[in-house]
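Take a look at the letters that make up each chain.
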Amino acid sequence: MTHATILIIEGRHADVPVFAAALAKKGYQVETAQSGSQGLKQLDSIDPDIIVINAASLRSSGVRTCQTIKSRFEKLPLILILDHDAKKVEKETADVILRLPFTVQKLANRIKPLLPGDGNNLLHAGPIRLDAEHRRVRSLGKNARLTPRLVLLLQVLIEHRGEVVEREDLFKRVWDTDYTGDTRTLDVHISWLRKAIELDPDHPRLLKTIRGVGYRLDV
């Protein structure tokens, strides 16, 4: 069973197939929205791995919704479902464009390659998904590759999420040394980590500095 989260934006019309329930049966965590605007409002709170826009069920082209999502979350994969007789849309509109009719299995087959690879050492904390084996992190719609040191740093913070980790203790664990006379390199690595996991690294809402003490991961 997969732990991937799918946001599916689809209306409910008797003559158009809907896919949310069928995808949930396949083991995905499925969140639903019944309009593009409702889906956009949910993005910050649920942080999906992929978005499926069933434009056929919305009686729209879905193009505007795709463009808005791409402008905010450039690397978030999109699948656009169109009616069989809908007007042609630019292929850059979404990562995958499907035209009805097709099976749920075909949709699942197109979803799978777009999901982040899950290694054997996958850690979840709030919106953060750390694949330590492949040194990849996904957070708030962003994907980044980390150095081994940054992976270790994030692992320690995830293990102690919600707790203040003192600077010297963090430095000892990540750099495997008892020498803590100069921990400025820790500050540099914290700033690199924020660039990977925060939407606005200059105003972090996940990785907080506790002045004079250390750092805390709030998720």
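Residues numbered from 1 in each chain as written. Predicted model: local features only at pLDDT ≥ 70, side-chain atom pairs only at ≥ 80, totals over all residues. Heavy atoms only, no water.

Engineer: Help me understand the environment of Val137, please; the structure alone is not making it clear to me.
Structural biologist: Turning to its location among the elements, Val137 is positioned in strand S8 (residues 136–139). A relative accessible area of 2% places Val137 in the buried class. Note: C-alpha distance between Val137 and Lys106 (31 residues apart in sequence) is 28 Å. If sequence neighbours within four positions are ignored, Val137 has contacts with Ile128, Arg129, Leu130, Lys142, Asn143, Ala144, Leu146, Leu154, Ala196 and Ile197. (Helix = DSSP H or I, 4+ residues; strand = E, 2+ residues; numbered from the N terminus. Buried < 20%, exposed > 50% of the residue type's maximum accessible area, 1.4 Å probe, protein only. Contact = heavy atoms within 4.5 Å.)

Engineer: Sorry if this is basic, but what is going on with the nonpolar core here?
Structural biologist: Here is a general trend for soluble globular proteins: nonpolar side chains tend to be buried in one another's company. One finds Leu146, Leu153, Leu157 and Leu170 to be the most contacted residues of the largest nonpolar core, which totals 28 residues. Going through the elements one at a time, strand S7 (128–131), helix H6 (148–159), helix H7 (167–175), helix H8 (184–197) and strand S12 (214–217) are the ones with two or more residues in this core. Counting residues per element, this core draws most heavily on H6, which supplies 7 residues. Residues within four places of Leu153 in sequence aside, it is in contact with Leu170, Val174, Leu186, His189, Ile190 and Leu193. (Core = buried A, V, L, I, M, F, W, Y, C linked by side-chain atoms within 4.5 Å.)

Engineer: How should I be thinking about the sheet that holds strand S11 (residues 207–210) in this particular structure?
Structural biologist: Whenever strands of a sheet pair, they do so through backbone hydrogen bonds, lying parallel or antiparallel. Spatially, 3 strands are ordered S10-S12-S11 in an open sheet, and the strand pairing comes out antiparallel. The open sheet has two free edges, formed respectively by strand S10 (164–166) and S11, since each of these has just one partner strand. Taken pair by pair, the neighbouring strands of this sheet meet at an average axis angle of 30 degrees, ignoring direction. Both S10 and S12 contribute to a ladder of 3 bridges, which runs antiparallel. Residue pairing for S12: Val164 is matched across the bridge by Arg216. Its contacts with the sheet place H7 against S10 and S12, and it is angled at close to 70 degrees to S10. Lying on the sheet, H8 is in contact with S11 and S12; it crosses S11 at an angle near 150 degrees. (Pairing = 2+ DSSP bridges. Axes fitted to C-alpha atoms, helices over the stretch in contact; angles between N-to-C directions.)

Engineer: Can you walk me through the packing of H6 against H8 in this structure?
Structural biologist: Helix packing for two helices is described by the angle between their axes and how far apart those axes are. Packing of H6 against H8 brings their axes to within 10 Å, and their N-to-C directions diverge by 85 degrees. When the axis of H6 is compared with that of H8, the two are roughly perpendicular. Here H6 contributes Arg149, Leu150, Leu153, Leu154 and Leu157 to the contact with H8, which in turn contributes Leu186, His189, Ile190, Trp192 and Leu193. When grouped by side-chain class, the residues that make up the contact of H6 with H8 number 8 nonpolar, 1 polar and 1 charged. (Parallel < 35°, antiparallel > 145°, perpendicular 65-115°, else oblique. Nonpolar A, V, L, I, M, F, W, Y, C, P; charged D, E, K, R; others polar.)

Engineer: Help me out: how do you make sense of the packing of helix H2 (residues 36–46) against helix H4 (residues 63–72) in this one?
Structural biologist: Close contact between H2 and H4 brings their axes to 10 Å; oriented N to C, the two are set at 20 degrees. The angle between H2 and H4 places the two elements in the roughly parallel class. Between H2 and H4 lies a crossing whose hand is right-handed. Of the residues in H4, those touching H2 at Gly36, Leu40, Leu43 and Asp44 are Thr65, Thr68, Ile69 and Arg72. Among the residues forming the contact of H2 with H4, the class breakdown is 3 nonpolar, 3 polar and 2 charged. (Left-handed = near helix turned anticlockwise from the far one by under 90°.)

Engineer: Sorry, what's going on with the sheet that holds strand S6 (residues 122–125) here?
Structural biologist: Reading across from one edge, S6-S7-S8-S9 is the order of the 4 strands in this open sheet, with antiparallel pairing throughout. In this open sheet, the two strands that pair with only one neighbour each are S6 and strand S9 (142–145). Taken over all neighbouring pairs, the strand axes of this sheet differ in orientation by 15 degrees on average, direction set aside. By the bridge criterion, 3 bridges tie S7 to S8 in an arrangement that is antiparallel. Looking at the pairing, Leu130 lines up with Val137 of S8. Contacts from H6 reach S6, S7 and S8, with the element oriented near 130 degrees to S7.

So, to be careful, I would describe these as geometric facts and stop short of saying anything about function.
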